[in-house]
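Secondary and tertiary structure notes
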Amino acid sequence: MGSVDAGNLDGQVAFITGGARGQGRSHALALAREGADIAVCDIAAQLETVPYPLAGIEDLEETVRQVEALGRRCVAVQADVRSTEQLEAAVAGAIEELGRIDILLANAGVCGFGVFWEITDQMWDEMVDTDLTGVFKTMRAVVPHMIERGYGRVVATSSMGGRMGNPNLAHYVAAKWGVIGLVKTLALEVADKGITVNAICPATVDTAMVHNDALYGLFAPDIEHPTKADVEPRYTAMNPIPEPWTPVEEISAAVLYLVSEGARSVSGTTLDVCMGASARMP
Ligand SMILES: NC(=O)c1ccc[n+]([C@@H]2O[C@H](COP(=O)([O-])OP(=O)(O)OC[C@H]3O[C@@H](n4cnc5c(N)ncnc54)[C@H](O)[C@@H]3O)[C@@H](O)[C@H]2O)c1
């Protein structure tokens, strides 16, 4: 078995979507600590059917501040992963300013809820356009550059929702299963080009996506205005490892492994980081 040399990304450049906060920011900082320069993009605006606030420009600026405080360069642009033009401009800008892209984290995503037959066309379209088509467009914008250089590490953020059914989340679940299909197909198409492509599958992660009134209401419909303290035991009850949510740093640690040079033979896989829920999967 080859060595796992996560921890040495000196001179590398990572492009991260949805990098204004949450897991994307955590990944930016984790990679920067290992020596990588960082390009982040984020929509930094609201989608109508998303029932919690998305990031703002000030969050994107805060990611830049925190990466630069680690002594690394950071380029940030407002870009929507649903837009081919915006993504291509963001990728071109990153390559121009930072010289190359070695690592791609297709992390941007939204969540929303609804009983299957109450999901509207707009809810479906905004979800699938962001969480599935956005991942496709992100990969398509960066992978030709990686092929040219003969090296790349691509990690897409799916979800445990991409490994099973989940009531109230049909559009999210469909998109996240789709991400795994993209990952496995691209992994085969670039297997002989020095590029690996993998998916990471978190369960509940300690970010704004799960800490909001809409999700709290879904988990505690019997409580009028449920709080974090109200839902914590309910989140915990879902998990074999009895904790309510995974810290972002643990997702970043898994990403660090997948982007390491030592993981060169790991491609087309899904890495669950989910408080033991994998034990319930076939
Ligand atoms: N939090 C969880 O429990 C959880 C679990 C499994 C998977 N995920 C996935 O992890 C990824 C990161 O989510 P997070 O937990 O950090 O939540 P988050 O809401 O804190 O971060 C998501 C980021 O993506 C950005 N974004 C949304 N739509 C975008 C678009 N169209 N273009 C560009 N940027 C966009 C948001 O502004 C935000 O900054 C998402 O793909 C999410 O589906 C999250």
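Cut-off values and rules
Residue indices begin from 1 for each chain and proceed along its sequence in written order. Note on the predicted model: pLDDT of at least 70 is required for a residue's local features to be given, and 80 or more for side-chain atom pairs to be given and counted; whole-chain, interface and lining totals, by contrast, use all residues. Computation of side-chain values covers all heavy atoms of the structure but excludes hydrogens and water. The numbering of helices and of strands both runs from the N terminus, where a helix is a DSSP run of H or I of at least 4 residues and a strand a run of E of at least 2. The classification of residues rests on relative accessible area computed with a 1.4 Å probe and restricted to protein chains. Under 20% of the type maximum is buried, over 50% is exposed, and intermediate values are partly exposed. Should any heavy atoms of two residues lie within 4.5 Å, those residues are considered in contact. Reported accessibility uses the Shrake-Rupley method at a 1.4 Å probe radius. Residues are deemed covered only where the shown protein chains occlude them. His residues and chain termini do not enter the charge count, which takes Lys and Arg as positive and Asp and Glu as negative. Charge placement uses NZ in Lys and CZ in Arg. For Asp and Glu, CG and CD serve respectively. Neighbouring residues are identified by heavy atoms, a residue being near a molecule or strand if any of them is within 4 Å of it. Counted as a polar contact is a pair of N or O atoms within 3.5 Å, where, for protein atoms, one must be capable of donating a hydrogen and the other of accepting one, and residues adjacent in sequence contribute only when both atoms are in side chains. Should DSSP find at least two bridges between two strands, the strands are regarded as paired. Between N-to-C directions, angles cover 0 to 180 degrees, with each direction set by a line fitted to C-alpha atoms, over the stretch in contact for helices. Working rule for helices: expected span equals 1.5 Å times residues minus one. Here, nonpolar core refers to any group of buried Ala, Val, Leu, Ile, Met, Phe, Trp, Tyr and Cys residues whose side-chain atoms link them within 4.5 Å. For this analysis, a ring pair means two rings from Phe, Tyr or Trp (six-membered ring only for Trp) whose centres lie within 6.5 Å, classed as stacked if their planes differ by under 30 degrees, edge-to-face if by over 60, and tilted for the remaining angles. For salt bridges, the criterion is a side-chain nitrogen of Lys or Arg within 4 Å of an Asp or Glu carboxyl oxygen. What marks off one domain from the next here is an automatic or database domain assignment. Accessible area that two parts lose when put together, with a 1.4 Å probe and added across both, is what the buried area reports. Residue polarity is assigned by list, with Asp, Glu, Lys and Arg as charged and Ala, Val, Leu, Ile, Met, Phe, Trp, Tyr, Cys and Pro as nonpolar; anything else, Gly included, falls into the polar class.

Time to look at the overall build of the protein chain. Across its full length, the protein chain carries eight helices and seven strands. Its C-alpha atoms give the protein chain principal-axis dimensions of about 55 × 40 × 35 Å. Here the protein chain holds 282 residues, and 52% of them are scored as buried. Taking the contacts inside the protein chain whose residues are at least 6 apart along the sequence as the reference set, 73% of them involve residues at least 24 apart. Surface exposure of the protein chain reaches about 12,400 Å², of which carbon and sulfur atoms provide 53%. A gap of 7 Å separates the mean positions of the 20 positive and 37 negative side-chain charges of the protein chain.

What follows deals with the site of the ligand. Residues in close proximity to the ligand total 28 residues, the closest being Asp42, Asn107, Ala203, Val205 and Thr207. Residue Arg21 places a side-chain N or O atom 2.8 Å away from an oxygen atom belonging to the ligand. Take Gln23: an N or O atom from its main chain is 2.8 Å from an oxygen atom of the ligand. When the ligand sits alone it has 820 Å² of accessible area, and the protein chains cover 99% of it. Counting residues per element, the ones that place at least two in the shell around the ligand are α1 (22-33) and α5 (170-189).

Moving on to the sheet that holds strand β7 (residues 270-273). In sheet architecture, strand pairing relies on hydrogen bonds along the backbone and comes in two forms, parallel and antiparallel. Judged by pairing direction, the sheet is parallel, and its seven strands sit side by side in the order β3-β2-β1-β4-β5-β6-β7 without closing on themselves. Edge positions in the open sheet fall to β3 (74-78) and β7, since each of these has one partner strand only. Neighbour-to-neighbour, the strand axes of this sheet turn through a mean angle of 15°, independent of strand direction. As defined by bridge partners, strand β2 (residues 37-42) adjoins β3 across five bridges and the pair is classed as parallel. Along β3, the bridge assignment pairs Ala39 with Val75. Running at roughly 170° to β3, helix α2 (residues 57-69) makes contact with β2 and β3 of the sheet.

For α1, spanning 12 residues, the distance from its first C-alpha to its last is 17 Å, which sits close to the expected 16 Å at 1.5 Å a residue. For α1, the buried fraction is high: 10 of the 12 residues fall into the buried class. Along α1, the residues classified as buried are Gln23, Gly24, Arg25, Ser26, His27, Ala28, Leu29, Ala30, Leu31 and Ala32. Of the residues flanking the end of α1, it is Gly35, one or two places downstream, whose phi is positive at about 110°.

Formed by 35 residues in total, the largest nonpolar core has its most connected members in Phe15, Met139, Val154 and Val197. At the level of elements, β1 (13-17), β2, α3 (84-98), β4 (103-106), α4 (121-149), β5 (152-157), α5 and β6 (195-202) are the ones that each hand at least two residues to this core. Tallying contributions element by element places α4 first for this core, with six residues. The residues contacting Phe15, other than those within four sequence positions of it, are Ala39, Cys41, Ala90, Val91, Ala94, Ile101, Ile103, Leu104, Leu105 and Val142. The next biggest cluster of nonpolar side chains, apart from the first, holds 30 residues, and it includes Ala20, Leu31, Val248 and Leu258.

Following the criterion strictly, the structure yields two aromatic pairs and no others. Pairing Tyr235 with Trp245 gives two aromatic rings, centres 5.3 Å apart and planes at 85°, and the pair type is edge-to-face. Of this pair, Tyr235 sits in helix α7 (residues 228-237) while Trp245 sits in the loop between α7 and α8 (248-259), and the two are 10 residues apart along the sequence. Summarising the burial analysis for this pair, Tyr235 and Trp245 share the class buried. Each member of the aromatic cluster is reached from another via a ring pair, and the members are Phe219, Tyr235 and Trp245.

The next point concerns the pattern of salt bridges. The full count for this structure, using the stated rule, is nine salt bridges. One salt bridge in this structure joins Asp37 and Arg72, with 3.2 Å as the shortest N-O distance. Placement of Asp37 in strand β2 and of Arg72 in the loop between α2 and β3 is noted, with a sequence separation of 35 residues between them. Residue class for Asp37 comes out buried when judged on its relative accessible area of 7%. Overall, Arg72 belongs to the partly exposed group, its relative accessible area being 26%.

Domain parsing of the protein chain yields domain 1 (13-206 + 249-271) and domain 2 (211-244). Contacts between the two partners involve six residues from domain 1 and, on the opposite side, nine residues from domain 2. In total, about 610 Å² of surface goes out of reach between domain 1 and domain 2, with carbon and sulfur atoms giving 69% of it. Together, Phe113, Thr204 and Asp206 form the three largest contributors to the area buried by domain 1 at its contact with domain 2, with a combined 65%. Across the domain 1-domain 2 interface, the total number found is zero salt bridges. When grouped by side-chain class, the residues that make up the side of domain 1 that touches domain 2 number three nonpolar, two polar and one charged.

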